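If you want the building blocks of each chain, they are given just below.
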Amino acid sequence: MKVSAKLALFSVIITAIAVILCCTLLLITTVNNQINHVGQSGVTELRMFNNAFNAEMDVVGDGQLSDTAKRSLILYVFRKYTDASVNGSRYVLADTEQILFNNSPIDPRPLLPGLQGNAERSNAQYDDDASFWPDVITELDGQKYLIVGHWAPNVGNRINFSHEIFLVQDITNVYDGIRALGARFAIISLVTISISASVMILVIRNVMRPLGKLKKSAVALAGGQYDARIQVRGEDEIAELGTSFNTMADAISDQIDALKSTAEQRRLLLSALTHELKTPMTAIIGYSEALMRVRLSTEQREESIAYIHSECKRIEMLTQKMMRLITLHGGEPIDIRSHPVREFYDTVGMTLQGIARRDGVALSLIEKGSPAVEMDMDMMASVIINLFDNACKAGAKHITIEAEDHRICVRD
């Protein structure tokens, strides 16, 4: 899997988790708030009903009534107020033994047991404490009901009558609204995740596009296109990577150019070495053939052997110097020192004399005073011998080599 695909997948997963978590927390908070609001509304409604009921009983009630008359009066007033309910709430009235009135489909007593005991055990000094008005939510036949209960030792201030009063309210519509809200949250989450995923995929592709160009440039560079570069935009990490790639490509290009230059230099040095070896080898071959085919005097034989030995030594030194120049990048510094011209003439004289006799050329080696020249003797010998040999091949009949004022002149 590509890095862009991994990043996109990872981003989508993280976004989906975040959106779902936020929507879930928001939905739970909303549901709790609605349930609490429904419960508080039910408690408030039952308290208002109870207060109105007690107030009415204070007006019409009489503590001297018999128990049967009390019950009849209480039920009459209770029914009157239940008929006036505007919220569709149902009410239940019970004494300590049985239900006296119930216009709801539920018997609430098992769902809120021990109202009297809880109230008596409570340390609250006012009957608005929560322990006096407990509530519960139950389900019956697929319908949700809120039940709020209350116990009181008397009715109003004049009639002593221990009783329990309940409110039963159908809150199915609240849960239907919660389910609808959950569906809307699910749709919102899905749309948010889809939009976020699309945006993130586009952003990641746009961000990763320079890496694709970087890959193409790297492939081109590996294929020999050393001028391949990428356009750097911005100042982020990818831009820094592009800059580093261009720097690397510049270094590779410079190195390739340097290698090409070194290879060309070595080719030239090898050509020069071949050229340098040609003259002494020709002379050596000539002297060796003379030794093999011509009857020479002892002095001539010794001179020929000395010349061959001298040229072989010079070839050895010249080869070593040229090979050091070939194997070192940028060339090796030449060993320049001050040498007397006489010593230089002794080094090249025999070779020059041999070439002069071969071509019938008059050679003059002139030394004015006792000059010394700053030079690498082996390399300078190659220069002078080449100049002399070229002059002979060009048809010169008299060649003068003159050393004066720290310089050596070759004239034909």
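Just so it is clear, the structure is predicted and the values come from calculations on it, not from any experiment.

Undergrad: Can you help me understand the overall build of the protein chain in this one?
TA: Helices and strands together make up the secondary structure of the protein chain, namely 8 helices and 10 strands. Taking 22 Å as the expected radius of gyration for a compact globule of 412 residues, we find that the protein chain reaches 59 Å, considerably beyond that expectation. In terms of overall dimensions, the protein chain has C-alpha extents of about 175 × 40 × 35 Å along its principal axes. The buried share of the protein chain, taken over its 412 residues, is 36%. Across the protein chain, every contact between residues at least 6 apart in sequence was considered, and the portion connecting residues at least 24 apart equals 65%.

Undergrad: Hey, could you run me through the side chain of His339 in this one?
TA: Along the chain, His339 falls in strand β6 (residues 337–340). The class of His339 is buried, set by a relative accessible area of 10%. Those residues in contact with His339 that sit more than four places away from it in its chain are Ala372, Val373, Met375 and Met377.

Undergrad: I tried to follow a positive patch on the surface on my own but got confused; where do I start?
TA: On the surface, Arg209, Lys213, Lys216 and Arg233 cluster together into a positively charged patch. Within the secondary structure layout, Lys213 lies in helix α4 (residues 172–222). On the basis of relative accessible area, Lys213 is assigned to the exposed category, the value being 51%.

Undergrad: Help me understand the sheet that holds strand β10 (residues 407–411), please; the structure alone is not making it clear to me.
TA: Either a parallel or an antiparallel arrangement is found when strands of a sheet pair, and the pairing is made through backbone hydrogen bonds. Spatial ordering of the open sheet is given by β7-β9-β10, a layout of 3 strands whose pairing is mixed. The open sheet terminates on both sides in strands that have one partner only, identified here as β7 (362–367) and β10. The average angle at which neighbouring strand axes cross in this sheet is 10°, direction not considered. Bridge count for strand β9 (residues 398–404) against β10 is 5 bridges, and the pairing is antiparallel. Looking across to β10, one finds that Glu402 is bridged to Cys409. Against the sheet, helix α7 (residues 341–359) makes contact with β7, β9 and β10, and its axis sits at roughly 175° relative to β7, the strand it touches most. This element, helix α8 (residues 377–393), spans β7, β9 and β10 of the sheet and lies at about 155° to β9.

Undergrad: Can you help me understand the packing of helix α1 (residues 3–60) against α4 in this one?
TA: Geometrically, a packed helix pair is captured by the angle between its two axes and the distance between the axes. Taken N-terminus to C-terminus, the directions of α1 and α4 make an angle of 160°; their axes are 8 Å apart at the nearest point. The angle between α1 and α4 falls in the class roughly antiparallel. Once α1 is placed against α4, the crossing between them reads as right-handed. Grouping the amino acids of the contact of α1 with α4 by side-chain chemistry returns 24 nonpolar, 9 polar and no charged.

Undergrad: Even after reading the chapter, I still don't get the nonpolar core, so can you show me in this structure?
TA: Proteins that are soluble and globular tend to have nonpolar side chains buried together. Ranked by internal contacts, the top residues of the largest apolar core, which has 29 residues, are Leu46, Phe53, Met57, Ile74, Phe78, Leu93 and Val155. Among the elements that make up this core, the one with the highest residue count is α1 (7 residues). Ignoring any residue separated from it by four or fewer positions in sequence, one finds Phe78 in contact with Phe49, Phe53, Tyr91, Val92, Leu93, Phe101 and Ile165. Counting 23 residues, the second largest nonpolar core, distinct from the first, contains Val348, Ile384, Ile385 and Cys392.

Undergrad: Help me out: how do you make sense of α7 in this one?
TA: Three- or four-residue spacings in an α-helix give side chains the same orientation, since the helix completes a turn every 3.6 residues. Taking 1.5 Å as the rise per residue, α7 with 19 residues should run 27 Å; its terminal C-alpha atoms sit 25 Å apart, in good agreement. A maximum bend of about 45° is found in α7 at Val348. Three or more residues of α7 are buried, namely Val341, Phe344, Tyr345, Val348, Gly349, Thr351, Leu352, Gly354, Ile355 and Ala356.

Undergrad: I keep staring at a nonpolar patch on the surface and nothing clicks. Help me out?
TA: A surface patch of nonpolar side chains, about 500 Å² in accessible area, is lined by Ile187, Val191, Ile195, Val199, Val203 and Val207. With respect to the element layout, Val203 can be found in helix α4. Assessed through its relative accessible area of 44%, Val203 is described here as partly exposed.

Undergrad: Please clarify how the environment of Ser261 should be interpreted in this entry.
TA: Inspection of the secondary structure assignment puts Ser261 in helix α5 (residues 237–293). Ser261 sits 133 residues away from Ala394 along the chain, and the two C-alpha atoms are 33 Å apart.

Undergrad: Could you clarify how one ought to interpret the pairing of strand β5 (residues 163–170) in this entry?
TA: Side-chain positions along a regular strand alternate between the two faces of the sheet. Burial within β5 is extensive, with 7 of its 8 residues counted as buried. As defined by bridge partners, strand β4 (residues 143–152) adjoins β5 across 8 bridges and the pair is classed as antiparallel. Across the sheet, residue Gly149 finds its bridge partner in β5, namely Phe166.

Undergrad: Before we go on, may I ask you to explain the side chain of His163 in this structure?
TA: The residue His163 is located in strand β5 in this model. There is a polar contact of 2.9 Å between the side chain of His163 and the backbone oxygen of Phe161. Apart from residues no more than four positions distant in its own chain, His163 is found in contact with Leu93, Ala94, Asp95, His150, Trp151, Ala152, Asn154 and Val155.

Calculation criteria
Residues numbered from 1 in each chain as written. Predicted model: local features only at pLDDT ≥ 70, side-chain atom pairs only at ≥ 80, totals over all residues. Heavy atoms only, no water. Helix = DSSP H or I, 4+ residues; strand = E, 2+ residues; numbered from the N terminus. Rg over C-alpha atoms; globule rule 2.2 N^0.38 Å. Buried < 20%, exposed > 50% of the residue type's maximum accessible area, 1.4 Å probe, protein only. Contact = heavy atoms within 4.5 Å. Patch = residues over 30% accessible without salt bridge, like charges linked within 9 Å, V, L, I, M, F, W, Y side chains within 5 Å. Areas by Shrake-Rupley, 256 points an atom, 1.4 Å probe, with all protein chains shown as cover. Salt bridge = Lys/Arg side-chain N within 4 Å of Asp/Glu carboxyl O. Lys, Arg positive; Asp, Glu negative; His and termini not counted. Charge placed at Lys NZ, Arg CZ, Asp CG, Glu CD. Pairing = 2+ DSSP bridges. Axes fitted to C-alpha atoms, helices over the stretch in contact; angles between N-to-C directions. Parallel < 35°, antiparallel > 145°, perpendicular 65-115°, else oblique. Left-handed = near helix turned anticlockwise from the far one by under 90°. Nonpolar A, V, L, I, M, F, W, Y, C, P; charged D, E, K, R; others polar. Core = buried A, V, L, I, M, F, W, Y, C linked by side-chain atoms within 4.5 Å. Expected span 1.5 Å × (residues − 1). Bend = angle between axes of the 7 residues up to and from the residue. Polar contact = N/O pair within 3.5 Å; in protein donor to acceptor, adjacent residues only side chain to side chain.

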